[in-house]
Amino acid sequence: MPRTTTVECPGCPPLRALTFDALGLIKVTESRGNSGGIPQVVERWGDADSSKCVLAASIDDRANDPILAVARKNGTIEISNPLSGDIFVSISDFGDGDGHPEDDDIAGLHIFKKSRSVGSCSLLTCTTKGNASLRSVDIAPTESTNNGASNSWKVCAAGKVLCAKVHGSEKHALFGGKGVEVNLWDLESSTKIWAAKPPPKNSLDIFTPTWFTSATFLTGDDHRKFVAGTNSHQVRVYDTSAQRRPVISFDFRETPIKSVAEDHDGYTIYAGNGSGDLASIDTRTGKLLGCFLGKCSGSIRSIARHPDHPVIASCGLDSYLRLWDVKTRELLSATFLKQHLTCVVFDSNFSDKEVVAPDAQHADEIPEEVEQEALKPAKRKKSPEEMKGKKKKSKDDGSKKSRKKSRQMESEECDVRNTVVFDIQHVNVKLVTSF
């Protein structure tokens with residue numbers, strides 16, 4: 001059984017996250033203000049099939065006409081609506097052939113947002129054998145699909161590509177993998193413009209083999225600075241304008257780095273490894289800023305930074321979608337999604353404000369008398385201790401009143417006695433004077 005932890009959810013800001021798992025399912029998790037900020041799974045798309053395992057995903061979450069691209073293990077790429085899950089078109093990454101090589105899965109997928117036109121989109125794919133392709137796809141609800149112009153090239157002659165990342169300007173791409181040194185390509189001309197050089201041998205004259213597992217660019221303005229994680233639990237910072245070897249290299253724990261993500265400030269990254277450790281690192285100095293509180297019980301396979309809120313999401317083999325606060329590094333929520341998760345993306349245009357229809361708006365109006373009655377302060381119900389105190393106080397007041405009344409009665413009786421005696425004496429005096 002996997003190790004799990006029970007935490008109190010302090011609540012999340014309004015957000016929407018899409019997760020992808022090893023059985024090909026897509027699950028939508030939303031956090032709304034009316035539910036106390038607790039994320040809940042609201043939709044599930046697809047049927048469970050291990051041959052449709054999601055290997056990579058990319059989203060264009062624009063306000064109008066958003067699209068989602070998903071690369072599956074059987075070699076198909078599906079372009080769908082991230083709001084409803086409706087599939088627009090499904091294409092094969094291996095041409096018109098029915099089958100595909102089992103050892104040539106898709107390692108990277110990206111939707112170009114800036115060059116997207118109405119009714120079509122551009123996709124960049126790269127397989128583990130280094131077959132990169134840049135193509136234009138027509139988005140149509142029909143089964144017939146007309147693919148536009150495509151451009152293909154070979155990223156590497158040998159090795160296995162494991163990671164691919166496109167810069168924010170969408171003009172450069174980064175590739176790396178097992179036996180493949182990280183290299184930078186110009187997408188407009190499909191040419192390699194830079195390739196890394198392996199670090200020298202260590203003090204024991206031992207050479208570390210090349211094995212990159214993840215990579216990301218630091219900023220959206222400068223494509224020359226990027227970070228790569230290795231299987232030898234190293235995080236390497238590269239600057240193509242300075243040198244071919246890493247400008248900074250440091251170790252993080254003792255298990256392979258599985259995922260890295262950049263922050264908006266341009267120098268902070270988030271790294272997750274195979275043992276479930278997640279931390280934020282300053283790439284300027286290589287200093288560990290801190291680890292995120294709450295141990296994950298499985299390998300972290302994907303990290304996503306929310307574009308608006310100070311929140312990051314992580315998912316992996318422990319089947320949990322975890323949301324973290326970037327500033328305090330505390331765990332905001334943990335949602336169990338049953339299957340091994342491979343990727344997570346955010347929908348930045350999500351809003352939990354519901355549009356109210358005019359009829360419904362008038363139906364919800366409250367009469368003025370009822371509203372004024374509701375605005376009156378309600379009487380607070382007294383607690384049992386207060387009731388006991390009140391009873392005790394009433395008993396004490398009653399006893400005091402009874403004692404006071406008895407004293408008054410005694411004083412009245414004394415006055416009556418004195419009056420009677422005075423009258424008797426007065427009568428006696430009269431009798432004596434008469435005689």
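Throughout, residues of each chain are indexed from 1 in the direction in which the sequence is written. Whole-chain, interface and lining totals are the exception, using all residues; otherwise, since this is a predicted model, local features are given only for residues with pLDDT of at least 70 and side-chain atom pairs are given and counted only at 80 or more. The side-chain values count all of the structure's non-hydrogen atoms but skip hydrogen atoms and water molecules.

Participant: When you look at the sheet that holds strand β22 (residues 278-282) in this model, what are you seeing that I'm missing?
Facilitator: Backbone-to-backbone hydrogen bonds pair the strands of a sheet. The strands run either parallel or antiparallel. One open sheet accounts for 4 strands, arranged β20-β21-β22-β23; its pairing is antiparallel. Strands at the two margins of the open sheet, each flanked by one partner only, are β20 (257-262) and β23 (287-291). On average, each strand axis in the sheet is inclined to that of its neighbour by 30°, with strand direction left out of account. The criterion for strand pairing is that DSSP finds at least two bridges linking the strands in question. Secondary structure counts use DSSP, requiring at least four H or I residues in a row for a helix and at least two E residues in a row for a strand, with both numbered from the N terminus. Convention adopted: a line fitted to C-alpha atoms gives each axis, helices being fitted over their contacting stretch, and angles between N-to-C directions are expressed from 0 to 180 degrees.

Participant: Help me understand the environment of L187, please; the structure alone is not making it clear to me.
Facilitator: Checked against the element boundaries, L187 lands in the loop between β14 (180-186) and β15 (191-195). Summary of the burial criterion: residues with accessible area below 20% of their type's maximum are buried, those above 50% are exposed, and those between are partly exposed, where the area comes from a 1.4 Å probe applied to protein chains only. Accessibility expressed as a relative area gives 5% for L187, which makes it buried. Put simply, L187 and E170 are 17 residues apart on the chain and 7.8 Å apart in space, counted from C-alpha to C-alpha. In this description, contact between two residues means that some pair of their heavy atoms is separated by no more than 4.5 Å. Setting aside its immediate chain neighbours within four residues, L187 contacts F112, L124, L134, W153, V166, E170, K171, H172 and A173.

Participant: What should I look at first to understand the pattern of salt bridges in this one?
Facilitator: Two side chains carrying opposite charge are able to pair once their charged atoms lie near each other. Counted as salt bridges are all cases of a side-chain nitrogen of Lys or Arg within 4 Å of a carboxyl oxygen of Asp or Glu. With the rule as written, the count across this model stands at 15 salt bridges. Salt-bridge contacts for K129 lead to D103; the nearest nitrogen and oxygen are separated by 3.5 Å. Linking K129 in the loop between β9 (120-127) and β10 (131-138) with D103 in the loop between β7 (87-92) and β8 (106-111), this pair joins segments that are 26 residues apart in sequence. The network of salt bridges with shared partners includes R16, E30, R32 and D347.

Participant: Explanation requested: the pairing of strand β25 (residues 311-316) in the structure shown.
Facilitator: Sheet faces and side chains relate simply in a regular strand, where the side chains alternate between the two faces. The buried fraction of β25 is high, at 6 of 6 residues. Of the two faces of β25, the one carrying V311, A313 and C315 and the one carrying I312, S314 and G316 are both buried. Here strand β24 (residues 300-305) pairs with β25 via 5 bridges, running antiparallel. Each bridged residue has a counterpart across the sheet, and for A304 the counterpart in β25 is A313. A loop of 5 residues connects β24 with β25, the two strands running antiparallel in sequence. The pairing of β25 with strand β26 (residues 320-325) spans 5 bridges and is classified as antiparallel. By the bridge assignment for β26, C315 is matched with L321. Here β25 folds back onto β26, and the loop between the two strands holds 3 residues, one of which, S319, carries a positive phi near 70°.

Participant: Quick question: what am I supposed to make of the confidence of the model for the protein here?
Facilitator: Confidence in the prediction of the protein, expressed as mean pLDDT, is 82, and 74% of residues score 70 or more. Of the regions scoring below 50 in pLDDT, residues 1-5 engages in 3 contacts with residues more than four places distant in sequence or in other chains. Contacts for the low-pLDDT stretch residues 420-435, under 50 throughout, to residues beyond four places or in other chains number 0 contacts. A residue's pLDDT is simply how confident the predictor is in it, with values from 0 to 100.

Participant: In this structure, what is going on with the side chain of R16? I would like to understand it.
Facilitator: Within the secondary structure, R16 sits in strand β1 (residues 15-21). Given a relative accessible area of 3%, R16 falls into the buried group. A polar contact is formed between the side chain of R16 and the side chain of E30, at a distance of 3.1 Å. Polar contacts involving the side chain of R16 include one to the main-chain carbonyl oxygen of P82, which spans 3.0 Å. Excluding anything up to four places from it in sequence, R16 contacts V28, T29, E30, E43, W45, P82, L83, V345, F346, D347 and F350. Any pair of nitrogen or oxygen atoms within 3.5 Å is treated as a polar contact; in protein, a donor-acceptor pairing is required on top of that, and neighbouring residues in sequence qualify only through side-chain atoms on both sides.

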